[in-house]
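# Fold and geometry: a report
One letter stands for each residue in the lines below.
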Amino acid sequence: MGGINSGRLKRGSGKRLTRDFTKVDINELARQNILIPNSRHDGYLKSKEWIYYIVDMTHSDSWIDFFYSRCNGERQMRERTELTKTHPHLGGERFWFVCPLCSRRIGTLFIIINLSCRRCQDLAYASTRGEALRKTKAGNASV
Ligand SMILES: [Zn+2]
């Protein structure tokens, strides 16, 4: 297989891992009391970098705008993510992000170039050995 030294992404030498990238976790937002029904406010989140956000839950279509920089701060990005909620059996409500790319209901968004879910970014968890193993096998099989 060629292209190993293409230098852009290290494809073939293992998947990129979730822990290496900036992420936004819906549970973390809930813990920090950021998801308050009928409110609109803004603030900063700390991940691998600082992310400025504006959350608007005053409409039936709730959303969060995330502002982050790319290319060493030269590009200021803004991405809107819709929020959706489910009602667990134990009561209350649970919020989720809607992935801007695939529209799936997810709990964690990752920022690499754009903002989207783990699957859209093709990321692996460092701890999920089963998945890494499956991928390795699939990779070997195709070589
Ligand atoms: Zn996605």
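All of the points below concern the structure found in this document.

The rules behind the values
- Residues numbered from 1 in each chain as written.
- Predicted model: local features only at pLDDT ≥ 70, side-chain atom pairs only at ≥ 80, totals over all residues.
- Pairing = 2+ DSSP bridges.
- Helix = DSSP H or I, 4+ residues; strand = E, 2+ residues; numbered from the N terminus.
- Buried ≥ 20, exposed ≤ 12 C-beta atoms within 10 Å, placed from the backbone.

### Notes on the sheet that holds strand E10 (residues 115–116)
One open sheet holds the 3 strands; their spatial order is E2-E9-E10, and the pairing between them is antiparallel. Both outer strands of the open sheet, strand E2 (22–25) and E10, are each paired with one neighbouring strand and no more. Strand direction decides the pairing type here: E2 and strand E9 (residues 108–111), joined by 4 bridges, are antiparallel. Along E9, the bridge assignment pairs Val24 with Leu109.

### Focus on the sheet that holds strand E8 (residues 105–106)
Strand order across the open sheet formed by 6 strands is E3-E4-E5-E6-E7-E8, with antiparallel pairing between neighbours. In this open sheet, the two edge strands, each paired with only one partner strand, are strand E3 (40–46) and E8. Taken together, the 5 bridges between strand E4 (residues 50–56) and strand E5 (residues 63–70) define a ladder with antiparallel strand orientation. Note that in E5 the partner of Tyr53 across the bridge is Phe66.

### Observations concerning the pairing of E9
Where E9 and E10 come together, 2 bridges link them in antiparallel fashion. In the strand pairing of E10, Ile111 is matched with Leu115.

### Details of unusual backbone geometry
Within the chain, Asn33 stands out as a residue other than glycine whose phi angle is a positive 55°. Examined against the element boundaries, Asn33 turns out to sit in the loop between helix H1 (26–31) and E3. Of the residues examined, Asn33 has 8 C-beta atoms within 10 Å and is grouped as exposed. The backbone phi angle of Ser103 is positive, close to 65°, even though this residue is not glycine. Mapped onto the elements, Ser103 comes out in the loop between strand E7 (94–98) and E8.

Any link to function would need more than the numbers given here.
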